[in-house]
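Commentary on secondary and tertiary structure
One-letter residues, chain by chain:
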Amino acid sequence: MMPGTAPPPTLRSLLLVLIPILLVGAVQTAVPAAAQDRIPSGEGYQTEPWEALSQRAEIIRTTRGIPHIRAQDTGAAGFALGWVQMEDYGPRVVELLLSARGETARYLGPGAGDGRITSDIRARRTLAQAQAAFPTLPADLQAIYTGFALAVNRWLELNPQDAPPALRPDFQGFHILARDIPGPAWGLGERYVARGGALGSGPGGLEAEDMAASPGHAVTGVEGFGAGQAGREVWAGLRAEAGSNTWALAPERTTSGHAILMRNPHLSWTAGYYEAHLRIEDDLEFYGDFRIGGPFSVIGGWNARLGWSTTNNNPELSDLYRLRLDPARPGHVHWEGGSVPLEVTSYTVEVWTGSHLETRTREILETPLGPVVHRGDEEVLVVRTAGDGNPRLGEQFLAMMRAGTFDEWRDAMRTQNRTQSNFTYADADGNIFYVWNAMHPVRPHPFGADSVAHPARGPDDAWQEFLPFDELPQLLNPPGGYLRNENDPFHHTNLNRILDAAHFPPEAEEPRVRLRSQHSLELLHNDRRFSLEEVVALRASERMLLADRVLDDLLAGLREARARGEDWSPLLDRATGALEGWDRTVAVDARGAVLFTEWWERYLAGAGRASATPEAAGFPAPAERLFRDPWTLEAPMTTPQGLADLQRAVEAFREAAVATRDRWGSVDVTWGAVHRARHGRLDLPVSGCDGLLGCFRVIWFTDDADGRRRVRGGDGWISAVEFGPRPRAYTVLAYGQSNRPESPHHEDQLHDFVEQRMTPALWTDDEIEQDAVRRYTPG
């Protein structure tokens, strides 16, 4: 075995693949009858040379650089998808695939605390699962993954500068598959031990190699695997609120009488949303976002009949268990009245030390419930995560892309191979649908997050099944004709049909409607009918809802302070006047918005300092120290309201007025003078703010070298589609189709984005031909 490669899969690694598949069930793919005879079983799949795939695909690029792919089969489609991603994001794709292969330390070094080594070791576990599972996938799925890998290899043969010098272009289909396989929540166990969780008589902390950071395959709070309730932030914090916005409108709420779906994910501008239009002959046609690094990941978009959008949710997918070691049999644990061995798998990775390569080998121990995250003298700590090792995500998404009716699409969703995410749906038959999707464990014990490790002596002590799809929180065609989600829990998705928390497991998120969600509901919870163009305009609302809730109290406090003559100054008069004249938006020409946010940050900081409890010593501050009336379930749309401490609010305003004048030269500096969309060669004023402030047009900012604030993330890829006789849609991708600075499609959409314009998506052959700028064969 060569250094840096995973050993052959053991029986345990095969079980890690097969058990999730058996629990979830195989996908019953909705394939058009004409395509059925073209999809042989997985065992019949044979890899073809790239030249054969290339001849069966064509790429048409239109003026914004969007690829319209026409392929004869899934293998050719995968090759074309891989090719266009390499054209536009080559080094980034390679970086992601090296992470999936467990090779980041080989090229980038060990990382802080050997973090890359730990990440690579854990990635090798997932890679072994992918390699074992790959031959069991349907042939069409093997073909699309393999086609993608062959495109990466062919591109690197022609463009070796896009990869590290020593890299061999030898990617295979299972390397691409590994990016779609979820892993265990390693960090859950690490936090348990770090917080002093007891584990037999073992040490109070993990060994150094176990405690290293775990990027990559750990569960993370992005539009992918969610961090869960234990890591969730209350709405009042200053930190950026990762997530998305989505709407679905039924025919009775649209001027055309056709359903409309709006998708607006919020991630970093380096997240790699990639707009593409894929057509596979006699099989499927789909327009949407294909995240960089593979053909699937987390897809949203539409076909001729239906579409869907994803938003983050926060199901609790993992639990910790304690298994007793058998003192009479080293390397065994007690299980079902007997003793079973800990399966030991060694993984070897290469590490660049700065002068030469070294190899590092570590072991991962497996139990009947999952991998060991810490071993004590008497017990092992095990993390069990729903979906760990499940290779069927792409199979589900392919079935959803092929679906022609709601029933077919829902059947694909029922396989639950996507472990989480809210899904919001609309179709040409007029249906709208929402589901709080989760591979939610049916627990025989209370949920313990990272605070409790449950003792387990057999399978009855741990969860073995998941909540069936049809029992998850969901709404189909609700009264009022709308659905929406902004990452808050499912209960208030539609105010005419509030979902009762008592009907669902207690750990399935508590009711909450933060300001961004309230802003959305104020736009939709009415009798208004919208055109597609009005939806495009409405989703860019620049209002800051927080100002509506607290500004009147602040102004009243300032007037009282001025009447009392408390160290009042002309500067405070000008600053108060700026807020009195502010329109309570974050439009680029809004005056007063910068001053308001400077004040709010200081008011928040004061709330944290004033608290006597450790939890409130920093951000986020407890709501009762911020608002006169904190948010309540009884008044979900009118709370929070008012300020809890007017004196502290006035003192914070004094500080903010001075800081705003000193930093920006004026207390009424415009929002756009400070907040900039800087991308490529462009530097443009931009509206929007964090959703925690009640903005629906969500933009996160970071301080730039010149002191101004540049976009870091938030709104990026936005689409709105109407399902008439054919789909009619608008899209914009703020940071363009390519992350290569030299590409003409790196910054060509930024003006549209900041000016709140979206471009019609091209669907028909005539539309594509009229806008085509380049037609070619990949490879």
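Notes on the structure in this doc start here. (Residues numbered from 1 in each chain as written. Predicted model: local features only at pLDDT ≥ 70, side-chain atom pairs only at ≥ 80, totals over all residues. Heavy atoms only, no water.)

Next up on the list: the sheet that holds strand E9 (residues 318-324). Here six strands make up an open sheet; going across it, the order is E12-E13-E14-E15-E9-E18 and the pairing mixed. Both outer strands of the open sheet, strand E12 (343-352) and strand E18 (453-455), are each paired with one neighbouring strand and no more. Geometrically, the sheet is characterised by an average inter-axis angle of 40 degrees between neighbouring strands, direction not taken into account. Sheet topology places E12 next to strand E13 (residues 357-367); 10 bridges connect them, and they run antiparallel. Bridging from a neighbouring strand, Thr345 pairs with Ile364 of E13. (Pairing = 2+ DSSP bridges. Helix = DSSP H or I, 4+ residues; strand = E, 2+ residues; numbered from the N terminus. Axes fitted to C-alpha atoms, helices over the stretch in contact; angles between N-to-C directions.)

The 10 strands are arranged E19-E17-E16-E8-E7-E6-E5-E2-E1-E28 in an open sheet whose pairing can be described as mixed. This sheet does not close on itself; its edge strands, each paired only once, are strand E19 (474-476) and strand E28 (772-776). Pairwise comparison of adjacent strand axes, ignoring direction, gives a mean angle of 20 degrees for this sheet. The pairing of strand E8 (residues 306-311) with strand E16 (residues 420-427) spans six bridges and is classified as antiparallel. The residue bridging Thr311 from the neighbouring strand is Asn422, located in E16. Along the sheet face, helix H4 (residues 74-100) touches strand E1 (57-62), strand E2 (67-71), strand E5 (275-280) and E28 and points at about 40 degrees away from the line of E1. (Contact = heavy atoms within 4.5 Å.)

The geometry of two aromatic rings is summed up by the distance between their centres and the angle between their planes. With the rule as written, the count across this model stands at 28 aromatic pairs. Aromatic side chains Trp582 and Phe596 sit 5.1 Å apart centroid to centroid with 40 degrees between the ring planes, which places their arrangement in the tilted category. In this pair, Trp582 sits in the loop between helix H16 (570-581) and helix H17 (593-610) while Phe596 sits in helix H17, placing the two residues 14 residues apart along the sequence. Aromatic side chains Phe596 and Trp599 sit 5.3 Å apart centroid to centroid with 55 degrees between the ring planes, which places their arrangement in the tilted category. With Phe596 and Trp599 both in helix H17 and three residues apart, this pair spans about one turn of that helix. (Phe/Tyr/Trp six-rings, centres within 6.5 Å; stacked < 30°, edge-to-face > 60°.)

A few words on the pattern of salt bridges. What the rule picks out here adds up to 74 salt bridges. For Glu395, the salt bridge identified is with Arg392, shortest N-O distance 2.8 Å. In terms of burial, Glu395 and Arg392 fall into one category: buried. One salt-bridge network, in which partners are shared between bridges, spans Glu58, Arg70, Arg279, Glu285, Asp765, Glu769 and Arg775. (Salt bridge = Lys/Arg side-chain N within 4 Å of Asp/Glu carboxyl O. Buried < 20%, exposed > 50% of the residue type's maximum accessible area, 1.4 Å probe, protein only.)

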